[in-house]
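Examination of the molecular architecture
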Amino acid sequence: MTKASVVLAGCGCPLRSMGWYHATQLLEGRCPSAQLKHVVEPWYMQKAAENSPGYEEFHAWRKKLEEEQQISFYESVEEVPSPSEGEL
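All of the points below concern the structure found in this document. (Residues numbered from 1 in each chain as written. Predicted model: local features only at pLDDT ≥ 70, side-chain atom pairs only at ≥ 80, totals over all residues. Heavy atoms only, no water.)

A short note on the pairing of strand β1 (residues 4–9)
- With six bridges joining them, β1 and strand β2 (residues 34–40) adopt parallel strand pairing. Looking at the pairing, S5 lines up with Q35 of β2. (Pairing = 2+ DSSP bridges. Helix = DSSP H or I, 4+ residues; strand = E, 2+ residues; numbered from the N terminus.)

In structure tokens, the structure reads:
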């Protein structure tokens, strides 16, 4: 089955935000026709968020997904690469 590559914009804090929950649904295969490929998180990806609640949790989760599932994280939508040839 061909899967659509998903860009999740506005992830938020793990275990607290709806964006994170949707990412979890995709990662668990609850939408079999979709594959999480990129995450855009404008708050936690910037330096200004370092002392805010959830910052450490977000970056621990980010590192795990980058290493284990090759998911890319970005601060803005403009940074997300264009789809490759034939990618949905």
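There's more to say after this.
Let's talk about the pairing of β2
- With five of its seven residues buried, β2 lies for the most part within the structure.
- In this fold, the crossover linking β1 to β2 by way of helix α1 (residues 18–27) has right-handed handedness.
- Examined bridge by bridge, β2 and strand β3 (residues 72–74) share three bridges and lie parallel to one another. The residue bridging V39 from the neighbouring strand is F73, located in β3.
- Read as a crossover between parallel neighbours, the route from β2 over helix α2 (residues 55–69) to β3 is right-handed. (Buried < 20%, exposed > 50% of the residue type's maximum accessible area, 1.4 Å probe, protein only. Right-handed = clockwise from strand over helix to strand, strands pointing away.)

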